[in-house]
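# Descriptive analysis of the structure
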Amino acid sequence: MNEHTPKNRLLKSPTGVSGLDEVTGGGLPQGRTTLICGDAGCGKTLLGMEFLVRGAIEFGEPGVFMAFEETARELAVNVASLGFDLDELVARKQLVIDYVHIERSEIEETGEYDLNGLFIRLGHAIDTIGAKRVVLDTVEALFTGLPNPTILRAELRRLFRWLKDKGVTAIVTGERGEVTLTREGLEEYVSDCVIVLEHRVREQVSSRLLRVVKYRGSTHGTNEYPFLIDESGISVLPITSIRLQHDVLSTRISTGVPRLDSMFGGAGYYVGSSCLISGSAGTGKSSFAAHFADAACQRGERILYFAFEESPGQIIRNMRAIGVDLARHVEQGLLQFRANRPSYYGLEMHLATMHKAINAFEPQAVILDPINSFVVGNNSVEVKSMLMRLIDFLKSKQITTLLTSLTAGGEDLERTDTAISSLIDTWLLLVDIESSGERNRGLYILKSRGMAHSNQIREFLITDRGIELSDVYIGPAGVLTGSARMAQEAQEQAERTARFREIERLRLGLEHKRKAMEAQIATLQAEFATQEAEALAIIEEEEALKTQEVLDQSAMAANRQADH
Amino acid sequence: MFAKSVRPDEDEARSEGATSDVWTLRLYVAGQTPKSIMAFANLKNICEEHLAGRYKIEIIDLLENPQLASGDQILAIPTLVRKLPEPVRKIIGDLSNTERVLVGLDLRSQEQGGDLNGR
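Residues numbered from 1 in each chain as written. Chains lettered and ligands numbered in written order. Predicted model: local features only at pLDDT ≥ 70, side-chain atom pairs only at ≥ 80, totals over all residues.

### Here we look at the environment of E108 of chain A
Looking at where E108 of chain A falls in the secondary structure, it is placed in strand β6 (residues 107-109). What makes E108 of chain A buried here is the crowd of 21 C-beta atoms within 10 Å. Remark: the alpha-carbon pair of E108 of chain A and L146 of chain A, spanning 38 residues in sequence, is separated by 8.8 Å. Leave out the neighbours within four places in its chain, and E108 of chain A touches I91, R100, V103 and G104 of chain B. (Helix = DSSP H or I, 4+ residues; strand = E, 2+ residues; numbered from the N terminus. Buried ≥ 20, exposed ≤ 12 C-beta atoms within 10 Å, placed from the backbone. Contact = placed C-beta atoms within 7 Å.)

Encoded structure:
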């Protein structure tokens, strides 16, 4: 027979525990027994209970919980905080909780015995409600409660076989042993599926991890997956399974600073890309983040803001001081803050909570401010892996990610603590420009995948109306900033004024000259007129004289009786 | 040790004398297995020897009444439960180790006490 025919394929019972079904490729092996082992307090009982509760509610499979350690009442109270109403399920005959109490001091062993009593109890419980799922928590309690381990071992082996014959999908929990997976070596009997839960503390923070050690007849994720226990039960995060295959968008989203948008080819960041704003202390990273959030909220988009250093109140106050009102967006429900100390819990837990918050809020963009606070000691590799998984997850959901990162003074600016540059699509670097005795803020785009972007170093000012990018002034020593820029501006202004005055003066001088010239012309004309008049008078006189002379000569000739 | 052919599911009860003195013993079995039969036989012998006339044995077959298993927190079969006198004590196994049955039922000290009183 071909092993790949669906008929022969191992059937699986979905657990309904978010993420676990992805890790196990569909659930626990149906009709078989799964061993869940781990130290005290790592969530074994809860995982078992959630398997039953979800089985009953979501998959219509009733379940039996055989508790060796807690009473039905205690269990009901313990899981009520996770939103499970056991009493109701019991009343609806979808769940049976059988508390098995063994008091070693009351029991005397007087010869051969078997565990038929347990079998009958379990069988009875299964038959009453037609259970498909069974949890035995923690069956190892039998070893402390009953004498003669040899008999117990044989009986347990029989129990697991019996469970298989019954066709129920079972979970058996066991305490972690020193050498073996469980204290009593239960893994020898349960050979189909073994899941190990761990509660690890590192750098004083704890993280819960789940690993599928063995899954006979099925592929499964082999990594340690972080998981989370909160008000909605367990969630496992199989984030590392995501490959680089997310769809990309070519739409853009504004940076919130208009002149910065123009540096990014006039349109801002790509939707669904990962953007990093890095810079040393006080360069205005959060302010850029706030501008981005403000602009997005004004467009009616939802923003999830993870703050790791400041409280939401503090951020809102600080941003109000630079003219960005985030409070109204919070009131409208467009902006949500999640403030946690990075050391509050482990990286995996952070990842898990962020994951959950993102799934719940479904934002268009996520802000992480700042990411470097995760780095404690030398865990930067883990931080990188966490951020990679987070960014992958966000990209797969086409959520724009804005990260801020603090660069320590004196360090290479184009290096981040977390060495995540390869994960970043757009990197905006904020720098302190020190010159002529002052520090000024500058920014430049270190990289921006897939778009033409400005190569200029721009100075920006944080004013009470927000971030403003200044004009570019390039002096002999490079970009001029701060007072140098202002001096340059003033100088240019002065030069402009001087030139204007010069022209004015020229114009006036010309006017004067023209007037002088016109006056001169008038004088000359007047002079000429006088001379002309005089000359005419003389000429007239002369003419008159001449006529007189002719008359006189004729008269004289006539008088002398000349014959000319 | 000897094995008597007794039907364990037969309800054997003998009560004589003052009721306060009567021992109520309950033997849980699951069908007529050799272990159950052995346990009942052993129990009868011990009772006849040490508690003659002031004991009562109930036999509960869990195959017939599985719902009764949780009441006395029965896991192992056979289990003998001393309901009265209190406190409740449990003895598991086929009761072949008489010495341990007597310790388990607290009959050892009872006997000694009785002897002392009798003197």
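### A look at the packing of helix α12 (residues 347-361) of chain A against helix α13 (residues 380-396) of chain A
Residues and elements named next belong to chain A. Viewed as axis vectors pointing N to C, α12 and α13 meet at an angle of 15 degrees, and their least axial separation amounts to 10 Å. Considering the angle they form, α12 stands roughly parallel to α13. The crossing of α12 and α13 is right-handed. From α12, L347, L351, M354 and H355 reach across to α13, where they touch E382, V383, M386, R389, L390 and F393. Class assignment of the residues belonging to the contact of α12 with α13 gives a composition of 7 nonpolar, 1 polar and 2 charged. (Axes fitted to C-alpha atoms, helices over the stretch in contact; angles between N-to-C directions. Parallel < 35°, antiparallel > 145°, perpendicular 65-115°, else oblique. Left-handed = near helix turned anticlockwise from the far one by under 90°. Nonpolar A, V, L, I, M, F, W, Y, C, P; charged D, E, K, R; others polar.)

### Comments concerning unusual backbone geometry
D369 of chain A connects to P370 of chain A through a cis peptide bond whose omega is -15 degrees. Along the chain, P370 of chain A falls in the loop between β18 (365-369) and α13. Residue P78 of chain B is bonded to the preceding I77 of chain B through a cis peptide linkage, with omega at -5 degrees. Of note, P78 of chain B is situated in the loop between β2 (55-61) and β3 (79-84). One non-glycine residue with positive phi stands out, namely K93 of chain A, at about 60 degrees. Residue placement: K93 of chain A occurs in the loop between α4 (86-91) and β5 (95-99). When the 13 C-beta atoms within 10 Å are taken as the criterion, K93 of chain A is described as partly exposed. Even without being a glycine, L95 of chain B presents a positive backbone phi close to 60 degrees. The residue L95 of chain B is located in the loop between β4 (89-92) and α2 (98-105) in this model. Judged by C-beta crowding, with 30 C-beta atoms within 10 Å, L95 of chain B ranks as buried.

### What to know about the nonpolar core
Within the largest apolar cluster, 162 residues are counted, with the highest numbers of intra-cluster contacts made by A293, I303 and I367 of chain A together with L27 of chain B. If one sorts the elements of this core by residue count, helix α9 (residues 285-298) of chain A sits on top with 8 residues. Looking at which domains feed residues into this core, each of domain 1 (12-241) and domain 2 (252-472) of chain A supplies at least three. Setting aside anything within four residues of it in sequence, one finds A293 of chain A in contact with I303, Y305, L326, L335 and I367 of chain A. (Core = buried A, V, L, I, M, F, W, Y, C linked by C-beta atoms within 7 Å. Domains from an automatic or database assignment.)

### What about helix α2 (residues 44-58) of chain A?
Counted at 1.5 Å a residue, the expected span for α2 of chain A with its 15 residues is 21 Å, and the 20 Å between its end C-alpha atoms agrees. After α2 of chain A finishes, the residue G60 of chain A shows a positive phi value of roughly 60 degrees. (Expected span 1.5 Å × (residues − 1).)

### Quick look at the sheet that holds β6 of chain A
Strand pairing in a sheet takes place through backbone hydrogen bonds and is either antiparallel or parallel in direction. Taken in spatial order, the 5 strands of this open sheet run β6(A)-β4(B)-β3(B)-β1(B)-β2(B), and their pairing is mixed. Edge positions in the sheet fall to β6 of chain A together with β2 of chain B, since each of these pairs with one other strand and no more. Taking the axes of each pair of neighbouring strands and ignoring which way they run, one obtains an average angle of 20 degrees across the sheet. The pairing of strand β1 (residues 23-29) of chain B with β3 of chain B spans 5 bridges and is antiparallel. The partner of R26 of chain B across the bridge, within β3 of chain B, is V81 of chain B. Along the sheet face, α2 of chain B touches β6 of chain A together with β3 and β4 of chain B and points at about 165 degrees away from the line of β4 of chain B. (Pairing = 2+ DSSP bridges.)

### Some thoughts on the pairing of strand β16 (residues 303-307) of chain A
Residues and elements named next belong to chain A. When you tally the buried positions in β16, you get 5 out of 5 residues, the bulk of the element. The two faces of β16 match: I303, Y305 and A307 on one face and L304 and F306 on the other face are all buried. Alignment of β16 against strand β17 (residues 335-339), held across 5 bridges, turns out to be parallel. Residue pairing across strands places Y305 opposite F337, the latter belonging to β17. Here 5 bridges tie β16 to β18, and the two strands are oriented parallel to one another. The residue bridging I303 from the neighbouring strand is A365, located in β18.

### Quick look at the interface of chain A and chain B
Contacts between the two partners involve 22 residues from chain A, matched on the other side by 30 residues from chain B. Every element with two or more residues in the side of chain A that touches chain B is listed here: β6 and α5 (116-129) of chain A. Broken down by element, the side of chain A that touches chain B gets its largest block of residues, 7 residues, from α5 of chain A. Residues of the side of chain A that touches chain B, tallied by class, amount to 8 nonpolar, 7 polar and 7 charged. In terms of strand pairing, β6 of chain A meets β4 of chain B through 3 bridges, oriented parallel. Looking at β4 of chain B, one finds that E109 of chain A is bridged to I92 of chain B.

### Observations concerning the sheet that holds β17 of chain A
Residue and element names in this part refer to chain A. As summarised here, the arrangement of the 9 strands in space is β17-β16-β18-β19-β15-β20-β21-β22-β23, forming an open sheet in which the pairing is mixed. Both outer strands of the open sheet, β17 and β23 (466-469), are each paired with one neighbouring strand and no more. Strand-to-strand, the axes of this sheet are offset by a mean angle of 25 degrees, without reference to chain direction. Sheet strands in contact with α12 are β16, β17 and β18, and its direction is about 160 degrees off that of β16.

### Here's the deal with the confidence of the model for chain B
Residue and element names in this part refer to chain B. On average, residues of chain B score 75 in pLDDT, and 74% of them are at 70 or above. Every residue in residues 1-19 scores below 50 in pLDDT, and together they form 29 contacts with partners more than four places removed in sequence or on other chains. Across residues 112-119, where pLDDT falls below 50, the model places 0 contacts with residues more than four positions away in sequence or in other chains. Predicted as a complex, the structure gets a pTM of 0.65 and an ipTM equal to 0.76. (pLDDT = per-residue confidence, 0-100.)

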